[in-house]
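Notes for the structure review
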Amino acid sequence: MEMDFERCYRAVDSRDQRFDGWFYTGVTSTGIYCRPSCPATTPKRQNVRFFPSAAAAQGAGLRACRRCRPDATPGSPQWDVRADVVGRAIRLIADGVVDRDGVPGLASRLGYTERHLHRMLSAEMGAGPLALARAQRAQTARILIETTDLGMAEIAFAAGFGSVRQFNDTLREVYASAPSDLRTARGRQQAPAGAGTIALRLAYRPPLHAQALLDFLAARALPGVEEVRDGTYHRGLRLPHGIGQVALTPADGYVAATLRLADLRDLAPAVARCRRLLDLDADPAAVDATLAADPALAPAVAAEPGIRIPRAVDGFELAVRAIIGQQISVTSARTTLTRLLTSARVDHEVVANGTGVSRQQLHDQQDEGGPGEAGELGRLRGFLSAEEVLGVPDSGFGMPVGRRETLRGLARAVADGSVDFAAGVDRAETVRRLLALPGIGPWTANYLAMRAFGDPDVLLSTDLAVRRGAAALGLPATPTTLDGYADRWRPWRSYATIRLWRAA
């Protein structure tokens, strides 16, 4: 949204939660910044400034409100869906690229100089890449302080700070409190049991149709990687510094997340990937308003508001699933994928955490652990890497030769860097490179654009289930006629695709 003062002030005056994350309210008389829905008394107009990011508010010398916790708002929907350089940069910063590779690494990934990247981000976000990363580090540190019993030095480096002094100075500036005071404010609340265990709430903009997400993920869950149990989605994660596991339980106004991480430096990337998986930064009001304007979709939108796009924590994993799932049922695809996973994991290889034991030995050892022990962390593991797929023998694929070679071609492209599934990739360029690989056609590339890259405006008009759903709703059911009809759903055709699948 444009930073129009009157529009922003009306949102603040009405305490409208839909605008949380779109902008931040700075109150010059108190020196704090808030989310638009902060329950405090509405400040006077002459004391208010609006900022496009928390980092911009911090740069203006304001501290975060302790009552509404503006740093815990959902992300802005525009940066979640935009495909331009700024949108890509924001997603990469959220995934921890600046913490791992610095601003030069971020600029290199985006193909711009550091100076030009700083100029673009400052113009749109009110802060440069280092300030944006610093704001994220402060939030990560606060989470670790309040949800773990780690020492402050450990938290400082886990959150991405270069020194304990930098950590102390930043938290005093952002929260107007020493780190130890933030822990004291936690009171008698106990940190979650188990080393590396973190419990937090992932905010979203209501409504959220959680059951639709859980149903979709449960139907495709792979043994040893993910499962849905008692209303909670569990899965293993492959993260930059090691493995992890997450349990996600939708609740009223938030998703409860329990993370177990081998390396706490992976907290920010893990949170970003979980948010991406459940599409938590979407603006469902805007999506539903557009789709409900079509009489054919209006009843479905009214019956099931807040449908999201089930996305992915690992783009390569989703690409493998998409290729295997071409022209076969979901059940058959699960069977084939399970065979591939089993074949890869019984090979004696050095595992991702560098222990040097075989995958089968590691699996057996971790299964012996009880709840909350090491076995719980290892029971669900991330999907295979590109290198692991390349190491699977022919007999482990269980599919036609052409499809097997397509998977290997994809794995080689990912391993040599010619295809990248990182959060901030150029969508159009990556789709073009995927289409250049033998065996990958428009359906697969567009499916990945929708679920792996977060493109909100993809219609899979050639998909059989989409066409069946369209016919069930009385809509045109051939690809050409459906494409023409779907122009009225722009720019949210990906969400219409999910609804057509459900109608089927």
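As the structure is a prediction and not an experimental result, all values here were calculated from the model. (Residues numbered from 1 in each chain as written. Predicted model: local features only at pLDDT ≥ 70, side-chain atom pairs only at ≥ 80, totals over all residues. Heavy atoms only, no water.)

Points about the sheet that holds strand 2 (residues 32–34)
Pairing in this open sheet of 4 strands is mixed, and the strands run 3-1-2-4 from one edge to the other. Both outer strands of the open sheet, strand 3 (48–51) and strand 4 (63–64), are each paired with one neighbouring strand and no more. When strand 1 (residues 24–27) meets strand 3, the two strands line up antiparallel, connected through 4 bridges. Paired with glycine 26 across the bridge in strand 3 is arginine 49. Packed on one face of the sheet, helix 1 (residues 5–14) meets strand 1 and strand 3 and runs near 100 degrees to strand 3. (Pairing = 2+ DSSP bridges. Helix = DSSP H or I, 4+ residues; strand = E, 2+ residues; numbered from the N terminus. Contact = heavy atoms within 4.5 Å. Axes fitted to C-alpha atoms, helices over the stretch in contact; angles between N-to-C directions.)

Notes on the pairing of strand 5 (residues 197–203)
Consecutive residues of a regular strand have side chains that alternate between opposite faces of the sheet. In terms of residue burial, strand 5 counts as a mostly covered element, since 5 of its 7 residues are buried. Where strand 5 meets strand 9 (residues 254–261), 7 bridges bridge the pair, whose relative direction is antiparallel. If you follow alanine 199 over to strand 9, its bridge partner there is threonine 258. (Buried < 20%, exposed > 50% of the residue type's maximum accessible area, 1.4 Å probe, protein only.)

So, the packing of aromatic side chains
Tallied over the full model, the rule gives 12 aromatic pairs. Between phenylalanine 23 and phenylalanine 50, the aromatic rings sit 5.4 Å apart at their centres with planes inclined by 90 degrees, giving edge-to-face as the arrangement. Highlighted residues: phenylalanine 23 in the loop between helix 1 and strand 1 and phenylalanine 50 in strand 3, separated in sequence by 27 residues. Among the residues examined, phenylalanine 23 registers a relative accessible area of 0% and is labelled buried. Looking at phenylalanine 50, the relative accessible area reads 15%, which means it is buried. One aromatic cluster in this structure is built from Phe5, Tyr9, Phe19, Phe23 and Phe50. When the ring centre of tyrosine 254 is taken as origin, the NZ or CZ atom of arginine 201, which lies over that ring, is 4.0 Å away. Looking at arginine 488, its charged tip hangs above the ring of tyrosine 485, at a distance of 3.7 Å from the centre. (Phe/Tyr/Trp six-rings, centres within 6.5 Å; stacked < 30°, edge-to-face > 60°. Lys NZ or Arg CZ within 6 Å of the ring centre and 35° of its normal.)

Quick word on the sheet that holds strand 7 (residues 232–239)
The antiparallel open sheet is built from 5 strands, whose spatial order is 5-9-8-7-6. Both outer strands of the open sheet, strand 5 and strand 6 (226–229), are each paired with one neighbouring strand and no more. Sheet twist, expressed as the average angle between the axes of neighbouring strands with direction ignored, equals 25 degrees. Pairing between strand 8 (residues 242–251) and strand 9: 8 bridges, direction antiparallel. Bridge assignment links valine 246 to a residue of strand 9, and that residue is leucine 259.

Describing the pairing of strand 8
Counting buried positions along strand 8 gives 7 out of 10 residues, so the element sits mostly inside the fold. Examined bridge by bridge, strand 7 and strand 8 share 7 bridges and lie antiparallel to one another. Among the inter-strand pairings, histidine 234 is bridged to a residue of strand 8, identified as alanine 247. In this antiparallel pair of consecutive strands, strand 7 and strand 8, the connection spans 2 residues. Counting the residues between successive antiparallel strands, the hairpin from strand 8 to strand 9 contains 2 residues, one of them, glycine 253, with a positive phi of roughly 90 degrees.

Comments concerning helix 11 (residues 210–219)
Within the span of helix 11, buried status applies to Ala210, Ala212, Leu213, Leu214, Phe216 and Leu217. Structurally, helix 11 contributes buried residues whose contacts are with strand 6, strand 7, strand 8, helix 12 (267–277), helix 22 (442–451) and helix 25 (493–503).

Some thoughts on unusual backbone geometry
Cis geometry is adopted by the peptide bond preceding proline 207, which originates at proline 206 and carries an omega value of 0 degrees. Relative to the helices and strands, proline 207 resides in the loop between strand 5 and helix 11. Note the cis peptide between arginine 490 and proline 491, where omega equals 0 degrees. Looking at where proline 491 falls in the secondary structure, it is placed in the loop between helix 24 (479–485) and helix 25. Although it is not a glycine, alanine 176 sits at a positive phi angle of roughly 55 degrees. Summarising the element assignment, alanine 176 is placed in the loop between helix 9 (164–175) and helix 10 (179–185). Of note, the phi angle at aspartate 230 is positive, near 55 degrees, even though the residue is not glycine. Relative to the helices and strands, aspartate 230 resides in the loop between strand 6 and strand 7. Residue aspartate 230 is classed as exposed on the basis of its relative accessible area of 76%.

Things to note about the packing of helix 4 (residues 85–94) against helix 5 (residues 97–110)
Geometrically, a packed helix pair is captured by the angle between its two axes and the distance between the axes. Axis separation between helix 4 and helix 5 bottoms out at 10 Å; the angle between their running directions is 160 degrees. The angle between helix 4 and helix 5 falls in the class roughly antiparallel. Between helix 4 and helix 5 lies a crossing whose hand is right-handed. The residues of helix 5 that touch helix 4, namely those facing Val85, Arg88, Ala89, Leu92 and Ile93, are Val97, Val98, Leu106, Arg109 and Leu110. When the residues that make up the contact of helix 4 with helix 5 are grouped by side-chain class, the tally is 8 nonpolar, no polar and 2 charged. (Parallel < 35°, antiparallel > 145°, perpendicular 65-115°, else oblique. Left-handed = near helix turned anticlockwise from the far one by under 90°. Nonpolar A, V, L, I, M, F, W, Y, C, P; charged D, E, K, R; others polar.)

Looking at the environment of valine 86
Counting through the fold element by element, valine 86 comes out in helix 4. Distance in space between the C-alpha atoms of valine 86 and leucine 110 is 9.5 Å, their sequence separation being 24 residues. Non-local contacts of valine 86, meaning those with residues more than four positions away in its chain, are made with Trp79, Met120, Leu121, Glu124 and Met125.

Overview of helix 21 (residues 427–435)
Among the residues making up helix 21, those that are buried are Arg427, Thr430, Val431 and Leu434. The buried residues of helix 21 occupy an angular sector of 100 degrees when the element is viewed end-on, so they sit on one face. Those residues of helix 21 that are buried lie in contact with helix 3 (77–81), helix 4, helix 20 (401–415) and helix 22. Capping the start of helix 21 is the job of one residue whose side-chain oxygen sits 3.2 Å from the backbone nitrogen of alanine 428: aspartate 426. (Arc of directions from axis to C-beta. Polar contact = N/O pair within 3.5 Å; in protein donor to acceptor, adjacent residues only side chain to side chain.)

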